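One letter stands for each residue in the lines below.
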Amino acid sequence: MQPKKARREEILDRLEEAGGQRTGVAKTVQRQTLVPEADIFGVATFYSLLAQPEAGIRVCQGLTCQLAECEHLKSELEADGKSSVFASCLGRCDLAPAFWDPEDESQIDRAPGSPSSPDLAIDLAAPDSLAYEALHKAAEKGPDWVVGELEASGLTGRGGAGFPAHIKWQAILDQPETERYVVLNADEGEPGTFKDREVILRRPHLVIEGLAVAAQCLEARDIYAYVRGEFGRVRAALEEALQAARKAGHLDDGVTWHFVDGHGAYICGEETALLEALEGKRGMPRMKPPFPVEKGFRGKPTLIQNVESIACLAGILRRGGAWFRGLGRTEPGTKLYCLSGHVERPGVYEAPMGTTLRELLAMADGVSGTLKAFSPGGASSGFLPASSIDMPMDFGGLRAAGTMLGSAGVVVLNDTVDMVWAALTQAVFFEEESCGQCSPCRIGTQILRQALERYRDGDPGALAYVQDVAWGMGEASICGLGQAAALPLTSALKYFPEEFGLASAPGGSTTS
Amino acid sequence: MTSKRFVIIDGNELSFEEGETILQAARRAEIEIPTLCHDDRLTPAGACRICLVEVEGANLMQPACATRVSPNMVVRPPTPRVTRNRQFTLSLHLADTIQDRALAEDSNPSRLHDLAERYGTAGQWVPVDSPRPGRPSDDNPYIQFRPDRCIACSLCTRYCDQIEAVSAITLAFKGAKTTISTADERSLTETTCELCGGCIDVCPTGAMTEKAALAWGKPEMDLEKVRTTCNFCGVGCQVDLNVDRAANRVVKVTSPPPGTTVNDGNLCVKGRFANDFIHHPDRLQDPLVRNEAGELVATSWDEALDRVSKALLSVADEHGNDALAFISSSRCTGEENYLMQKLARAGFQTHNVHQCAAT
Ligand SMILES: Cc1cc2nc3c(=O)[nH]c(=O)nc-3n(C[C@H](O)[C@H](O)[C@H](O)COP(=O)(O)O)c2cc1C
Ligand code: SF4
Ligand code: SF4
Ligand code: SF4
Ligand code: FES
């Protein structure tokens, strides 16, 4: 039990200052913060950037980077005498094989995919503007108008869940509690996803303006921007934009802005794990309800919104909710689709919600080779076969098809890819990134990875009960990670049964 | 305070108290819901997922241990989905630990195996062999952590934090490696640990166990529990001596279950572990008095008490009552301390009376 005066929220920063977990560091941080030493050790060992402080360069071992022979990159680094370790997706799949050198982030600097156009909600290629018209308009018209426009726009969360934004905003306005928080989720970690990185690098003012609108509308006095630790330049761009906006006199001095680094844990993109990290704890998702709009950061009403969602606000308020809604095809708005893998021109393409893979591939100069399969929304969405090339990619339609749009990390696979290998690559990711809190995910991800390895190594019976395990993971896991973690395997079994030695798709229950 | 609000569980309409969980309401009505990571004394973790039930209106099954009841909530009787989840969870945990019951229960009984027997499993799965680190060099004298049996339920860490308020142990590492550790993986004796052994008592799998009992080699269920009162202090904790009848030996001491005795499932290091005096060869079993040659020899209680009273009276006679002082032990109860001061004040008219715990 920690003493009342303990300052737990500080411990991640203190651990970072101390250079990560080494013998004696927990004791030092305990003296500084009064948090029990064991708890500090438990936190330090949870986060990969703190647990392995001297690992050197991180080489991405995500699916896209494996297609681009990341092993080769790692051996080259080693030949150059640079120490390196493999890491989960680094949010640079357009640059595969990607790496993160904490000393030098020059690798991330690239032109966005789609050309500028007035019919795009974000429009990455347009010059960023310091006008902050939406913020001033929102101040004038008040919270009800803002929420009304949000509702008219039909904006749904771009972080993966597709939850209507206006419902969260209204829920916070309805709370009697007046200590409220706004949190930006810039922890972008879903394999195949790198759009939030581009939004902040290209249009940081859209993000600052959106956050300022949120704080003003919801009467929050503190804004927290949680930026993944491997995005040093991204955080810097955001901080720079904040300074500029402040200098230009757009911002309310009564609002405090906090920038918080992630420390290398994919699960902290899950909103309640993110809150735990902000509170200086192991990033284990909370049980819901209560939802963050009711009990979030420090137990107070909290708005958590993805970077892309926040960046849509300025356009919505400036040009009207109806305008935004009209941009979409099957659902409201435009959407940032991240294309990587076997495509000629990987990048972030903004297109109407409901655009098909065929159209996206045309924007990205086509497939490298012959299309075999793709993930529509990151590792968590599993795989779809080439025959789904004309399926509109939106939240509702993909959900109905047993997959999801998620973060729209579209990974394209050509016919050289072995689906057993692809499913195994994703299984390794989920096993590595499970927080380990609940048994279906902690144990289930290991069972699936081991079964796939045994199958690959020639044991035809190795997949005997994986459908049962997948069922339980989908039904009983606490959070979306475990609920989705079996999908790469079950979808590969469904669409490519012959690669698993089956004549047809397996019957029985799958996750839904 | 019971309000007039109702919840329906398995078809029974039950009243419930503000803030109660589905599990608490169900248990009051003697409706059984299995749990592995739950203890009424601790905040719920919702980690093991065996307690999931179907609540009308919710898509996903909900953890009974952590879900608060609300008016008119309807909890369905165990549907095939709920039953399947129980069996799934049990197969999962068994694959991750020790599937063979006799081996799993080499020392402590296993709630996991109990439940597997009662509810059945989804089949025996290939062992997972999780890479959970232990602390093999932890040389504390009493507590052994065996990571291959740990289900990462965090009962031990929550106990250490919320009941002992010690926080010596923690969930450490992440994912498949998630384990129980101490700061920098040190021995318990080099942490804030008070060696209360509560972490052993709450562990549902025997992953936390007692070194001495493990070395003795007989499973707990082959030992006979003899209820007695701890004689180390005046609190009066109830303890169960776990006796190996064949060897006529106390192998270990456990606490009666929480909620049944004054100590509510807790013990301190003395009550739980300081029991090696019982079978120690130097243990005094009779009163000793000195013979004429000045050697200590065994005698009867009558003889011993007679010698004491004669000696006290002769000191008082020769040197006055205030030449005597009476000091009682911290192991005495309040009643015994009362009698001691009565002896001093009423018997010998002296105020020279003290108790060793009163500093
Ligand atoms: C395992 C997991 C990882 C997630 N990672 C992210 C992430 O990196 N970025 C993000 O914005 N949302 C992520 N989410 C979704 C968040 O929980 C949350 O829904 C989102 O931040 C809410 O913002 P939005 O409504 O604007 O999308 C993740 C969810 C899960 C289950
Ligand atoms: S599903 Fe996985 S990541 Fe989510 S809480 Fe459970 S163990 Fe953690
Ligand atoms: S013996 Fe008691 S104080 Fe020590 S770790 Fe176990 S529960 Fe905590
Ligand atoms: S040691 Fe026992 S009580 Fe502690 S987490 Fe493991 S199984 Fe649970
Ligand atoms: S007893 Fe409810 S999740 Fe373990």
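Rules and cut-offs
Residues numbered from 1 in each chain as written. Chains lettered and ligands numbered in written order. Predicted model: local features only at pLDDT ≥ 70, side-chain atom pairs only at ≥ 80, totals over all residues. Heavy atoms only, no water. Domains from an automatic or database assignment. Buried area = accessible area lost by both parts, 1.4 Å probe. Salt bridge = Lys/Arg side-chain N within 4 Å of Asp/Glu carboxyl O. Polar contact = N/O pair within 3.5 Å; in protein donor to acceptor, adjacent residues only side chain to side chain. Helix = DSSP H or I, 4+ residues; strand = E, 2+ residues; numbered from the N terminus. Nonpolar A, V, L, I, M, F, W, Y, C, P; charged D, E, K, R; others polar. Buried < 20%, exposed > 50% of the residue type's maximum accessible area, 1.4 Å probe, protein only. Phe/Tyr/Trp six-rings, centres within 6.5 Å; stacked < 30°, edge-to-face > 60°. Lys NZ or Arg CZ within 6 Å of the ring centre and 35° of its normal.

### A look at the domain arrangement of chain A
For an interface, size is often stated in terms of accessible area lost upon the parts coming together. Residue and element names in this part refer to chain A. For chain A, the domain assignment lists domain 1 (8-46), domain 2 (133-325), domain 3 (338-413) and domain 4 (419-500). Each of domain 1 and domain 2 was reduced to a C-alpha centroid, and the two centroids are 28 Å apart. Here domain 1 meets domain 2 over a buried area of about 970 Å², counting both sides, of which 55% is carbon and sulfur. The interface formed by domain 1 and domain 2 includes one salt bridge. We note a salt bridge from Arg-298 to Glu-9, for which the minimum N-O separation is 2.7 Å. The tally of links from domain 1 across to domain 2 stands at three residue pairs in polar contact (both at pLDDT 80 or more). When residues of the side of domain 1 that touches domain 2 are traced back to their parent elements, those giving at least two are α1 (11-17) and α3 (37-44). Of all the elements, α1 adds the most residues to the side of domain 1 that touches domain 2, at three residues. Grouping the constituent residues of the side of domain 1 that touches domain 2 by class yields four nonpolar, two polar and three charged.

### Remarks on helix α22 (residues 487-495) of chain A
Within α22(A), seven of the nine residues are buried, which leaves it mostly tucked inside the rest of the structure. Among all positions in α22(A), only Leu487(A), Pro488(A), Leu489(A), Thr490(A), Ser491(A), Ala492(A) and Leu493(A) are buried.

### Description of the packing of aromatic side chains
Scanning the model with the defined rule gives 14 aromatic pairs over all chains in all. With a centroid separation of 4.3 Å and an interplanar angle of 0°, the aromatic rings of Tyr142(B) and Phe273(B) are classed as stacked. Here Tyr142(B) is found in the loop between α4 (111-119) and β6 (143-145), whereas its partner Phe273(B) is found in helix α8 (residues 269-273), with 131 residues between them in sequence. Judged by its relative accessible area of 5%, Phe273(B) is buried. Through successive ring pairs, a cluster of aromatic residues spans Tyr465(A), Trp471(A), Phe88(B) and Trp125(B). The side chain of Lys74(A) reaches across the aromatic face of Phe86(A), ending 5.1 Å from its centre. Its end group placed over the ring of Trp471(A), Arg84(B) keeps NZ or CZ at 4.1 Å from the ring centre.

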